[in-house]
Amino acid sequence: MKRLLQWRGFQFSIQLPNVLVYILVILTGLYGTQVSTDNFATVITWIVWWAAIVFTFVFFGRLWCLMCPFSAMAEWLQRLALWTVKRESFGFNWKWPFQLRNLYLATVMFLILTCADHQFGLVSSPLYTAYFVLIILAAAVVVGLLFERRTFCRYVCPIGGLIGTYSLFASAELRVVDRNACRQHKDKNCLLGRGEAGYGCPVREYPGEMDNNYSCTLCTECIKTCPKDNIAVNVRPFAHDLVNLNEKRLGLDMSILAVVLLGLPTLQTIVMIAPWEGWMQALVQFSGLPLPIVFGVVFLIGALAIPLGLFAGTILVFRLLAGKEQVSYRRLFINFAYAFVPLGLLMHLAHNVKHLFGESQILVPVLSDPFGFGWDLFGTANLQLSSFFSKGLLTNLQFGLILVGQGFAVYVAYRIARKLFGANASGFLRGLAPVLVMMVLWSIFNLLVLNMPLMERH
Ligand code: SF4
Ligand code: SF4
């Protein structure tokens, strides 16, 4: 494995197939049939890719970033090289403005993406899916040509913040073996690069001090450049970063995104339940406003205002109940947001289990006829496959995942409380009660929503 990861062509060999797949997505989206279940663009992007990558977050963190076709194409252009090392950059190499070195832009981009999905029916439109891919690609290329390294991945990518947050839960990590060796090594090749061996870290992480998975895109450059052979890939318990967070590296931007990621999977499931369209029509009639505006307002309330308001209120009650053992409101808010990450992640997983295990078999016929032109390239175009998983089994799986998320969330909340208040403090247990109540109520609400009849989006 070490030889493979040190090979310069490793990342390119994983990126290239994804680039080819996404070129096909653009072509089929633009020129193929507009029936979403018959078009390669919508099937591979929204039923297979979007559902499957959530599983990679759980086990491997930012594995997707290693192979992402958008950043691959932007980086190839920026470096004017596919896998070899070139010192001069084709782009302007500007520094990203200091005021934007946070996750607010990425959070706004993610909210716009999710809102656009529902407004324009992105996931059920091959044409819009192709436009979406082209827009993300154009943004990655423009940012890559103007700014240094992988600025797009770190500060702009609409799913970059989501991947980083969920990666804190992952059961694998890339870390240095011996921090002392890093302190004594003046050249810092992992950060600055080393001749033909490799580039400096594309997201400007210094492995010698890296203590969580948030930013590392697993590009493997530091494995190639470290002359001390000091980088390891470790397997570890789930939620490891969440219970060992270094407060100095946390910001309000990351905590707000963590809470938004709790609200979004719930909202995404609610918009699929049968009465949703009736409610929207009733609101349109009541307000006299056009549907896109009504939906936009409902979306902002559901994805932002309700989860953030509930969380802010819960932390206020926590602080009152904790009594004399006071910790500042800001510290409580920033830290406890991460207790909800396992819940949001496992709810996200539960939401996508149905797509991946219940619908992804339609990729088999679509592979033979990606444009929907009536081709039969592999002799599978007319196969009518049903899922291996019954509806009941999928529902049970979804319930099980939410309960697992609930268990992890309680554990992380307890560990964060102990870290903030000290093992011998007593007030934090009283204060923890409202956080646990909010978690349980949120889980019950999601279980109820998942148990309602859902409309197919494809
Ligand atoms: S190059 Fe290797 S030893 Fe040197 S600072 Fe980086 S990870 Fe540590
Ligand atoms: S820390 Fe290493 S693997 Fe992670 S992004 Fe930086 S160079 Fe790549």
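Residues numbered from 1 in each chain as written. Chains lettered and ligands numbered in written order. Predicted model: local features only at pLDDT ≥ 70, side-chain atom pairs only at ≥ 80, totals over all residues. Heavy atoms only, no water.

**Concerning the overall build of the protein**
Part 1 of the argument: Helix and strand counts for the protein come out as 21 helices and 4 strands.
Part 2 of the argument: In summary, the protein has a C-alpha radius of gyration of 23 Å against a globular reference of 23 Å for 458 residues, a match within 12%.
Part 3 of the argument: Expressed along its principal axes, the backbone C-alpha trace of the protein runs to roughly 65 × 60 × 40 Å.
Part 4 of the argument: By residue count, 55% of the 458 residues in the protein fall in the buried class.
Part 5 of the argument: If you take every contact in the protein between residues at least 6 apart in sequence, the share linking residues at least 24 apart comes to 81%.
Part 6 of the argument: Counting only carbon and sulfur atoms, one obtains 68% of the accessible surface of the protein, whose full area is about 20,400 Å².
Part 7 of the argument: The distance from the centre of the 35 positive side-chain charges to the centre of the 23 negative ones in the protein is 10 Å. (Helix = DSSP H or I, 4+ residues; strand = E, 2+ residues; numbered from the N terminus. Rg over C-alpha atoms; globule rule 2.2 N^0.38 Å. Buried < 20%, exposed > 50% of the residue type's maximum accessible area, 1.4 Å probe, protein only. Contact = heavy atoms within 4.5 Å. Areas by Shrake-Rupley, 256 points an atom, 1.4 Å probe, with all protein chains shown as cover. Lys, Arg positive; Asp, Glu negative; His and termini not counted. Charge placed at Lys NZ, Arg CZ, Asp CG, Glu CD.)

**Looking at helix H14 (residues 252–270)**
Part 1 of the argument: Over its 19 residues, H14 runs 27 Å from end to end, which matches the ideal 27 Å to within 8%, given 1.5 Å per residue.
Part 2 of the argument: A large share of H14 lies buried, amounting to 17 of its 19 residues. (Expected span 1.5 Å × (residues − 1).)

**Side note on the packing of aromatic side chains**
Part 1 of the argument: Applying the stated rule across the entire model yields 33 aromatic pairs.
Part 2 of the argument: An aromatic cluster is built from Tyr22, Trp46, Trp49, Trp50, Trp64, Phe70 and Phe132, whose rings are joined through pairwise contacts.
Part 3 of the argument: Seen from the ring of Tyr199, Arg79 lies directly overhead, with NZ or CZ sitting 3.6 Å from the centre. (Phe/Tyr/Trp six-rings, centres within 6.5 Å; stacked < 30°, edge-to-face > 60°. Lys NZ or Arg CZ within 6 Å of the ring centre and 35° of its normal.)

**Description of the site of ligand 2**
Part 1 of the argument: Neighbouring ligand 2 are the residues Leu174, Cys201, Pro202, Val203, Pro207, Cys216, Thr217, Leu218, Cys219, Thr220, Glu221 and Cys222.
Part 2 of the argument: Along the lines of polarity and charge, the residues of the shell around ligand 2 split into 9 nonpolar, 2 polar and 1 charged. (Near = heavy atom within 4 Å. Nonpolar A, V, L, I, M, F, W, Y, C, P; charged D, E, K, R; others polar.)

**Quick look at the environment of Met347**
Part 1 of the argument: Residue position: Met347 is located in helix H18 (residues 341–358).
Part 2 of the argument: Under the relative-accessibility criterion, Met347 is labelled buried at 4%.
Part 3 of the argument: Not counting residues up to four positions away in its chain, the partners in contact with Met347 are Leu262, Pro265, Thr266, Ile402, Trp442 and Asn446.

**Topic: the packing of helix H2 (residues 10–31) against helix H3 (residues 40–60)**
Part 1 of the argument: Contact pair H2 / H3: the axes reach a minimum separation of 7 Å and the direction vectors enclose 130 degrees. Relative to H3, H2 is oriented oblique. Contacts between H2 and H3 pair Val21, Tyr22, Leu24, Val25, Thr28 and Gly29 from the former with Phe40, Ala41, Ile44, Thr45 and Trp49 from the latter.
Part 2 of the argument: Looking at the contact of H2 with H3 residue by residue, the class counts come to 8 nonpolar, 3 polar and no charged. (Axes fitted to C-alpha atoms, helices over the stretch in contact; angles between N-to-C directions. Parallel < 35°, antiparallel > 145°, perpendicular 65-115°, else oblique.)

**So, the pattern of salt bridges**
Part 1 of the argument: In this structure the tally under the stated criterion is 15 salt bridges.
Part 2 of the argument: For Glu148, the salt bridge identified is with Lys95, shortest N-O distance 3.4 Å. With Glu148 in the loop between helix H7 (126–146) and helix H8 (151–156) and Lys95 in the loop between helix H5 (69–79) and helix H6 (104–120), this pair connects stretches of sequence that are 53 residues apart.
Part 3 of the argument: Classification of Lys95 by relative accessible area gives exposed; the value is 52%.
Part 4 of the argument: A salt bridge links Arg331 to Glu247, with the shortest nitrogen-to-oxygen separation between them at 2.8 Å. Residue Arg331 is found in helix H17 (residues 329–336), and its partner Glu247 is found in the loop between helix H13 (240–243) and H14; the two are separated by 84 residues along the sequence.
Part 5 of the argument: Each of Arg154, Glu205, Asp211 and Arg249 takes part in salt bridges that share partners, so that together they form one network. (Salt bridge = Lys/Arg side-chain N within 4 Å of Asp/Glu carboxyl O.)

**Quick notes on the domain arrangement of the protein**
Part 1 of the argument: When the domains of the protein are assigned, the result is domain 1 (2–167) and domain 2 (251–450).
Part 2 of the argument: Using C-alpha coordinates to define each centre, domain 1 is positioned 23 Å away from domain 2.
Part 3 of the argument: Contacts between domain 1 and domain 2 engage 34 residues on the former and 38 residues on the latter.
Part 4 of the argument: Three residues stand out in domain 1 for area buried against domain 2, namely Phe55, Leu111 and Tyr166, and they jointly supply 19% of the buried area on that side.
Part 5 of the argument: For the pair domain 1 and domain 2, the number of links is 6 residue pairs in polar contact (both at pLDDT 80 or more).
Part 6 of the argument: Secondary structure elements with two or more residues in the side of domain 1 that touches domain 2: H2, H3, H6 and helix H9 (160–167).
Part 7 of the argument: It is H3 that contributes the most residues to the side of domain 1 that touches domain 2, 11 residues altogether.
Part 8 of the argument: Residue classes in the side of domain 1 that touches domain 2 are distributed as 21 nonpolar, 12 polar and 1 charged. (Domains from an automatic or database assignment. Buried area = accessible area lost by both parts, 1.4 Å probe. Polar contact = N/O pair within 3.5 Å; in protein donor to acceptor, adjacent residues only side chain to side chain.)

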